[in-house]
Amino acid sequence: MSSRFFARGGDSDESSSDSEESLYSVEGEEPSEEEESSEEESEVEEDSDEDSSDEEGATGINRFLKSTAAKADEDESDEEKAVVIRSAKDKRIEELEGLIRLTENAIKIGDFIQGSTEFDKLVKLVPNIAKQLDGRTPKLFIKTLVDLEAAVTEAYEKQKVTPKKMNALNSKSLNAVRQKIRKLTKDEQYSKDVEAYRKDSEAFLKEEAVIEIPVPTKKTKVNLLLGDAIIDADDAGFEVVGPGGKTLIYTPESILKHLRSIAESRGRKGTDRNEQIRVMERLLDVAATDYQRIRVLLSLISVRFDTSTSSGGAMTVEQWKLADKEFVKLLELLYANQDQFIVIENAEEWEDDEKHPTLVAGTLFPIPGSIVGAAERLDDELTRSLLSIDPHTSDYVARLVDEGALYSALLRAQIYQERVRKQPGFEGQAERLNSLILRRLEHLHFRQGRLGSVLETNAWAELPEGLDSDVTPRALASDAEALVKALSNYLFAHSEGIQRARAMLHRTYWTALHDRPWEAKDLMLLSHLSETIPSFDIITQIHYNRTLVQVGLAFFRAGLIWESQTALQEICGSNRQKELLAQGVQVQRYSSLTPEQERAERARQLPFHCHINIELLEACYLVVSMLLEIPLLAQIGTAPDQKRRVISKAFRRLLDYSERSVFQGPPENTRDHILQASKALSAGDYKKSAELINSIKIWDLMPKALEIRTMLTEKIKTTGLETYLLTYAPFYSTVNLATLSEMFDLSPRSVSSIVARMISHEELAAALDQVSGAIIFRKGVNISRLQALSLTLSEKATVLIEANEKTLEQRTQGTANAFERQGGPGGRGRGRGRGRGGGPQNMGDRQGGQQRPRGQGFTGGALGRAIQS
Amino acid sequence: MADNQPDAAADLVAKYDLLPKMIPFLDRHLVYPLLSERDALPDITRTKFELLKHTNMTDFVGDLDSELQGLSERPAEYTKKREEVLRRRAQYEEDTSKLRSLLEDADVVSQLRSDKVANLAFLKEQHGVTLEMVNALYDYGQFEYSCGAYQSAAELLYQFRVLSTDNEKVSAATWGKLASEILSTEWEPTMEEIQKVKENIDTRLFSNALAQLHARTWLIHWSLFPFFNHDPAREVLTDLFFSPAYINTIQTLCPWILRYLTAAVITNRKLSRNSNVYQKQLKDLVRVIKQEGYEYADPLTDFVKALYIDFDFEEAQKKLGEAELILQHDFFLGSATKAFVEAARHLVSEMYCKIHQRIDIKDLSARLGLSQEAGEKWIVNLIRDTRVDAKIDYQAGTVVMNHPPQSVYQQVIERTKGGFFRTQVLSAAVAK
């Protein structure tokens, strides 16, 4: 009840409350209505008490009314139905009269605040009464409306002339009342009556009296006729069914009527859904024609979906299975009657419940309903149910089996929708097909090829032989690769926005899962999603994250460390993997999530079988970070003037943390293993490092675990060599390549190629001596403090200039072109190329180095060169 | 073993044969010269016949057919076809004779201006030229091209372009003219046409990215003809291929063009005066090859990869040998083989010298695929040409490189070099 009052009090716009009221009132629990109205009266009473003494009459009536109402309540019993109804109705009318009086009085004395509130109450009451009068507006109200309009307009005009007289609040209320009245008189519902009243007020009111009388008697009759079975005479007489009435009611003729009443009670409070389902199951048995069956099935399925509440709880397994079965039955029916009926979303409803619609041969009869919607709902409910089950139990596995059934339902729906699309006049339905195809893709993309084709083949096996699909022909079932391509290509061609983006992501995910990282990367770049992804919805963003991670893992499996690190960095470096991948809600210490947000996040989660193993992911990420970071750290250690570059902050943090801890136990978890391996690696002990990394058990989860381990060992060897050279270079003047090759168990050829690369990229100040097969480290790299400082200074100056240029570019935006043209080709481009160029900018400069730079250095540097070129 | 050698070479060549990949992007007539290179192929005549069946070169096609069927003279149908072709030709001749004679008339031509619409109006008024006549020029041009009369086709299409205002046809005519010029090996006009086609693609297909991509792929393939046959074109075209739009096209649709790009960049070494440009091109090339490594690889790109990404000299040397073979058998690159090998050797030795301090001459010679004596000579030349700071130790048979460490002073100078100029530019820009 409280919610009703809440709605009433909070709602100042009466037009919207109309519908709300009627909705509530039809719900029709008589006792509560009574209760409510008496409460209302007491409220009215209070108001009037406050008001003034000359409203004694009204109060009196109310008091009297209340007592009668109370008496009626007490008297209420089964055999006196008619009396109850009558008194309730009369009571309402009395109440209405009381409110009208209050309003009129308030407006007369110029208290518009009071007037406004009373009027609001009045307006809300009217539809209630109108309902009891069989939908007619009480004449009294119309009369009041017209009278009030006159009064208010007068008051308004008066106020205009003498503006000082009224306080602000009051005048505001006056305006409000005036607006409301105006709106009401123009309102469709009342305008006719208002017109009639204005024309001939006498006749209008008289008419009312004549009509009003027979109504209750008629109702009484009806009630008597139906006897005990029906309690509420206002309704169609269905809501409560006594055991005796059943056989009488469920006839094929009345099916549609029942359906309508069920449809009307949908979403209302207090409806017993299970009861409705039982009723409809019976109706289905009774149904004589296919039309009726289709109609019953359509509403039965949707009522079944209603059994799950919006907040959390999923449908029960039984309900889901029944719904799935009925869905299949429905589609089979539609398939059997494919030249007669068609279920589409925006069809006109067949209004006449009594008659069976006449079918015109050759044309399709549209039935309102949504096949796609039902299929999607089945999918959603399954996901929700999976989310609510503990994934480590056998229940989960048992539930997961239903995915096959669901997938076949999706397939059926798709085939149905393809057929609809081909019908003349229903082409507009095409885009619904996209969402079905996307759903299928969602169920396929995370599966390995073989599993995908098993799912697909099973789904086809359940379908009748004759069915086939245009988009994904039956022949594709055994070839999951081609299937995914066909599905995603269809979406690329026929959809846009989110659907298209998701199709792209699923395709990429699939490609990455099947160890084609380059192709996946190309797809990713082709889609340009990395630029636009922030503008998509959260679910798509989650899919984007998943895909990105999957691409990173694919690179990892292929042994492409750098690429893998780049792809994984964004997600894994963030410390919020679980949240970003929707694989569990992370409890954060300072989380500022509202309960709603938390619930939404819970709803977004992916079911367990779609998850990407977080621990494996972390292991991969840390290992690739280690392989990149350790040589970098070694480099920074020996050359302090290097910019402090950080590749993976997360890894650095972990490393710092473990270095600070005083005691080091043997490694326990994956992370410990990797961190200790990193330490061993930076000390040049590649064997220990490789051993530690290889003893991580989680690699077994990867396909081809052995190859992964060999790959990692190889990578650790080369990284170890690089780290060793970078760390210990200052302490050697020559190193024999053969020794190195022995130390790191690498072939001499690969050692020399690694060393050559490092020399060429100027990571190592050294040269090879081919004759003796040694590396000769160059001396003279020690620089004095002053020199180091001056280097830093020059670096900073460059940074400053760059920052200035950037600022100017931003400031001038479009006009910056002029600036570009002047500075770009000459000084800037070259300056930058030099500063960063390093390795590849080889011989040419170096050889001439002795003569040229000096000359230029003193003749105005880049300016001179710019003029030259 | 001796027998195996050529077989292996042939296999290699066959493995990296690009012809099948390129044919879809070339015109019939353009494919013909590529095919005529390979008379050794078993069913070359059949291929040629299929290729040219739809052209109007009846005599030639007839010859091919008779050869296929083992007849001593052309089948009779070709005589009929030939007559038909001649008849149509005469018809076209007649249709366009008036306009052509007008355009050959110096007086008339001198009165034409750059405004096409005005020109057409002028011709219409003064000489009764109609739009149909102009269009007939186009058809005639196409017909001539199909007959193999490329020069006359080029001429006709040129005349058409001067007058027509139909953008669609003008662009088609430009493509036609480009093909005609290529086939009549007129490289100067070819380059002009390439430029025109390029502009056309950029402006007209601006909104249609896919069409743009396809048109660019075509242009890239067509321009291979002047690329290696016309020296001045090479630099222009290398720049064109490296421009973002075209390098993207190559990466997405036709990575095999990287072979030609690699060859062009490496052989450009001597041509380009500016070593900076060369370095930049090389850098770009290495980047692209690295990116596309998973999609396309042949000995040429592998050579670059071995040298600049893996620093594996042995591999580079092996690939250089293979690349030489490939080049010899490539229609476009055949003539550039020598230059390529020469330039590639330079690159190898440059890289080698950069990394090593002391080099055994014998070993280096082997790396470069030369005898010891030739290797020594080579090194001496290298030291002289590129001013490498090196000395030959004759007794030990080694070259000693001198890599002076970069002094701190120089480093500071290098870093601050641009500063003054950039600041000036900056202040000028602010003052504006």
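Residues numbered from 1 in each chain as written. Chains lettered and ligands numbered in written order. Predicted model: local features only at pLDDT ≥ 70, side-chain atom pairs only at ≥ 80, totals over all residues. Heavy atoms only, no water.

1. A look at the overall build of chain B
So, step 1. Along the backbone of chain B there are 25 helices and 3 strands.
So, step 2. For chain B, the proportion of its 432 residues judged to be buried stands at 50%.
So, step 3. Put simply, of all contacts in chain B between residues at least 6 apart along the chain, 60% involve residues at least 24 apart.
So, step 4. Per element, the accessible surface of chain B, about 21,100 Å² overall, is 51% carbon and sulfur. (Helix = DSSP H or I, 4+ residues; strand = E, 2+ residues; numbered from the N terminus. Buried < 20%, exposed > 50% of the residue type's maximum accessible area, 1.4 Å probe, protein only. Contact = heavy atoms within 4.5 Å. Areas by Shrake-Rupley, 256 points an atom, 1.4 Å probe, with all protein chains shown as cover.)

2. Details of the overall build of chain A
So, step 1. The helix and strand tally for chain A stands at 41 helices and 5 strands.
So, step 2. Counting all 869 residues of chain A, 46% fall into the buried class.
So, step 3. Long-range pairs, those at least 24 residues apart, make up 67% of the contacts in chain A with a sequence separation of at least 6.
So, step 4. As displayed, chain A has an accessible area near 43,900 Å², and 54% of this comes from carbon and sulfur atoms.

3. Topic: empty space enclosed by the protein
Residues and elements named next belong to chain A.
So, step 1. Within this structure, the stated rule accounts for 7 cavities of 30 Å³ or more.
So, step 2. Size it by volume and the largest cavity reaches roughly 80 Å³.
So, step 3. What lines the largest cavity is simply L331, E332, Y335, R412, I415, Y416, R419, P464 and L467.
So, step 4. Of all the elements in the fold, those that place two or more residues in the lining of the largest cavity are α16 (317–336) and α19 (402–422).
So, step 5. Sort the elements by how many residues they give to the lining of the largest cavity and α19 lands first, with 4 residues.
So, step 6. In terms of residue class, the lining of the largest cavity is built from 6 nonpolar, no polar and 3 charged. (1 Å grid on protein atoms, 1.4 Å probe; cavity = no way out; pocket = protein on both sides within 12 Å on 5 of 7 lines; lining within 4 Å. Points joined across faces, edges and corners; volume = space filled by probe spheres on them. Nonpolar A, V, L, I, M, F, W, Y, C, P; charged D, E, K, R; others polar.)

4. Section: the pattern of salt bridges
So, step 1. Taken as a whole and assessed by the stated rule, the structure comprises 42 salt bridges over all chains.
So, step 2. Here R671(A) makes a salt bridge to E618(A), at a shortest N to O gap of 2.5 Å. Of the two residues, R671(A) is situated in helix α32 (residues 670–682) and E618(A) in helix α30 (residues 614–638); the sequence distance between them amounts to 53 residues.
So, step 3. A salt bridge links D202(B) to R216(B); the nearest nitrogen and oxygen atoms lie 2.8 Å apart. Of this pair, D202(B) sits in helix α12 (residues 187–204) while R216(B) sits in helix α13 (residues 209–222), and the two are 14 residues apart along the sequence.
So, step 4. Taken together, the salt bridges that share partners define one network made up of E376(A), D379(A), D380(A) and R439(A). (Salt bridge = Lys/Arg side-chain N within 4 Å of Asp/Glu carboxyl O.)

5. Overview of unusual backbone geometry
Residue and element names in this part refer to chain A.
So, step 1. Unusually for a residue other than glycine, K704 sits at a positive phi of about 60°.
So, step 2. For K704, the location among the structural elements is in the loop between α33 (686–694) and α34 (705–728).
So, step 3. On the accessibility criterion, K704 (52% relative accessible area) is exposed.
So, step 4. In this structure, D745 is a non-glycine residue whose phi angle is positive, near 55°.
So, step 5. Counting through the fold element by element, D745 comes out in the loop between α35 (737–743) and α36 (748–760).
So, step 6. For D745, a relative accessible area of 46% translates into the label partly exposed.

6. Remarks on the packing of aromatic side chains
So, step 1. Tallied over the full model, the rule gives 22 aromatic pairs over all chains.
So, step 2. Between W518(A) and Y294(B), the aromatic rings sit 4.6 Å apart at their centres with planes inclined by 10°, giving stacked as the arrangement. Remark: Y294(B) occurs in the loop between α18 (275–292) and α19 (299–310) and W518(A) occurs in helix α24 (residues 517–527); the pair is interchain, linking two chains.
So, step 3. Its relative accessible area of 27% is what places Y294(B) among the partly exposed residues.
So, step 4. The structure contains a cluster of three or more aromatic residues connected by ring pairs, namely Y686(A), Y724(A), Y728(A), F731(A) and F744(A).
So, step 5. The ring centre of W320(A) lies 4.9 Å from the NZ or CZ of R399(A), which sits over that ring. (Phe/Tyr/Trp six-rings, centres within 6.5 Å; stacked < 30°, edge-to-face > 60°. Lys NZ or Arg CZ within 6 Å of the ring centre and 35° of its normal.)

7. Quick look at the nonpolar core
Here is a general trend for soluble globular proteins: nonpolar side chains tend to be buried in one another's company.
So, step 1. Membership of the largest hydrophobic core comes to 181 residues, with the highest contact counts inside it found for M626(A), I693(A), W699(A), L740(A) and F340(B).
So, step 2. Top element by residues in this core is α30(A). It accounts for 13 residues.
So, step 3. When residues no more than four places from it in sequence are discounted, the contact partners of M626(A) are P631(A), F651(A), I674(A), A677(A), S678(A), L681(A), S689(A), I693(A) and I716(A).
So, step 4. Residues I262(A), I294(A), I367(A) and V420(A) belong to the second largest nonpolar core, which totals 50 residues. (Core = buried A, V, L, I, M, F, W, Y, C linked by side-chain atoms within 4.5 Å.)

8. Notes on the pairing of strand β5 (residues 774–777) of chain A
Residues and elements named next belong to chain A.
So, step 1. Strand direction decides the pairing type here: strand β3 (residues 734–736) and β5, joined by 3 bridges, are antiparallel. When the sheet's bridge partners are listed, T734 is paired in β5 with I776.
So, step 2. Sheet analysis places strand β4 (residues 766–769) next to β5, joined by 4 bridges and oriented antiparallel. Paired with A766 across the bridge in β5 is F777.
So, step 3. Adjacent in sequence and paired antiparallel, β4 and β5 are bridged by 4 residues, among which G773 carries a positive phi angle near 65°. (Pairing = 2+ DSSP bridges.)

9. Notes on a nonpolar patch on the surface
Residues and elements named next belong to chain B.
So, step 1. On the surface, V380, I392 and Y394 cluster together into a nonpolar patch covering about 310 Å² of accessible area.
So, step 2. Considering the arrangement of structural elements, one finds I392 in strand β2 (residues 390–393).
So, step 3. In this structure I392 comes out as partly exposed when scored by relative accessible area, which is 31%. (Patch = residues over 30% accessible without salt bridge, like charges linked within 9 Å, V, L, I, M, F, W, Y side chains within 5 Å.)

10. So, helix α15 (residues 290–306) of chain A
So, step 1. For α15(A), built from 17 residues, the straight-helix expectation of 24 Å at 1.5 Å per residue is met to within 8% by its first-to-last C-alpha distance of 24 Å.
So, step 2. In terms of burial, α15(A) is largely enclosed, as 15 of its 17 residues are buried. (Expected span 1.5 Å × (residues − 1).)

11. Some words on the side chain of Q281(B)
Residues and elements named next belong to chain B.
So, step 1. Its place among the elements puts Q281 in helix α18.
So, step 2. In this structure the side chain of Q281 is engaged in a polar contact, spanning 3.5 Å, whose partner is the side chain of D239.
So, step 3. In this structure Q281 touches T238, D239, F242, V265 and N268, once residues within four positions along its chain are discounted. (Polar contact = N/O pair within 3.5 Å; in protein donor to acceptor, adjacent residues only side chain to side chain.)

12. Regarding the sheet that holds β3(A)
Hydrogen bonding along the main chain pairs the strands of a sheet, whether they run parallel or antiparallel.
So, step 1. Across the sheet, which stays open at both edges, the 6 strands sit in the order β3(A)-β5(A)-β4(A)-β1(B)-β3(B)-β2(B) with mixed pairing between neighbours. At either end of the open sheet lies a strand with only one pairing partner, and these are β3 of chain A together with β2 of chain B. Strand-to-strand, the axes of this sheet are offset by a mean angle of 20°, without reference to chain direction.
So, step 2. Helix-sheet contacts for helix α22 (residues 361–368) of chain B involve β1 (356–360), β2 and β3 (398–401) of chain B, and the interaxial angle to β1(B) is about 85°. (Axes fitted to C-alpha atoms, helices over the stretch in contact; angles between N-to-C directions.)

13. Quick notes on the environment of A690(A)
Residues and elements named next belong to chain A.
So, step 1. Mapped onto the secondary structure, A690 falls in helix α33.
So, step 2. Sequence separation between A690 and I674 is 16 residues; the distance between their C-alpha atoms is 9.7 Å.
So, step 3. If near-sequence neighbours (up to four positions away) are discounted, A690 is found in contact with T713 and I716.

14. Thoughts on helix α26 (residues 538–557) of chain A
Residues and elements named next belong to chain A.
So, step 1. The terminal C-alpha atoms of α26, which comprises 20 residues, lie 29 Å apart, in line with the 28 Å expected from a rise of 1.5 Å per residue.
So, step 2. Along α26, 17 of the 20 residues are buried, which leaves the element largely enclosed by surrounding structure.
So, step 3. Looking one or two places after α26, you find G559, whose phi comes out positive at around 80°.

15. Some remarks on the packing of α19(A) against helix α21 (residues 449–462) of chain A
Residue and element names in this part refer to chain A.
So, step 1. Two elements in contact, α19 and α21, have axes whose closest approach is 9 Å; the angle formed by their N-to-C orientations is 65°. Here α19 and α21 pass one another in a crossing that is right-handed. From α19, G404, Y407, S408, L411, R412 and I415 reach across to α21, where they touch L455, E456, A459, W460 and E462.
So, step 2. Residue classes in the contact of α19 with α21 are distributed as 6 nonpolar, 2 polar and 3 charged. (Left-handed = near helix turned anticlockwise from the far one by under 90°.)

16. What about the packing of helix α23 (residues 497–513) of chain A against α24(A)?
Residues and elements named next belong to chain A.
So, step 1. Interhelical geometry of α23 versus α24 gives an angle of 165° and a closest axis separation of 8 Å. Classified by the angle between their axes, α23 and α24 sit roughly antiparallel to one another. Crossing hand, α23 versus α24: left-handed. Across from M504, L505, R507, T508, T511 and A512 in α23, the residues of α24 making contact are E519, A520, L523, M524, L526 and S527.
So, step 2. Classifying every residue of the contact of α23 with α24 by side-chain character gives 7 nonpolar, 3 polar and 2 charged. (Parallel < 35°, antiparallel > 145°, perpendicular 65-115°, else oblique.)

17. What to know about the pairing of strand β2 (residues 365–368) of chain A
All names here are of chain A.
So, step 1. Side chains of β2 alternate between two faces, with F365 and I367 buried and P366 and P368 left unburied.
So, step 2. Sheet topology places strand β1 (residues 341–344) next to β2; 4 bridges connect them, and they run parallel. Bridge assignment links F341 to a residue of β2, and that residue is F365.

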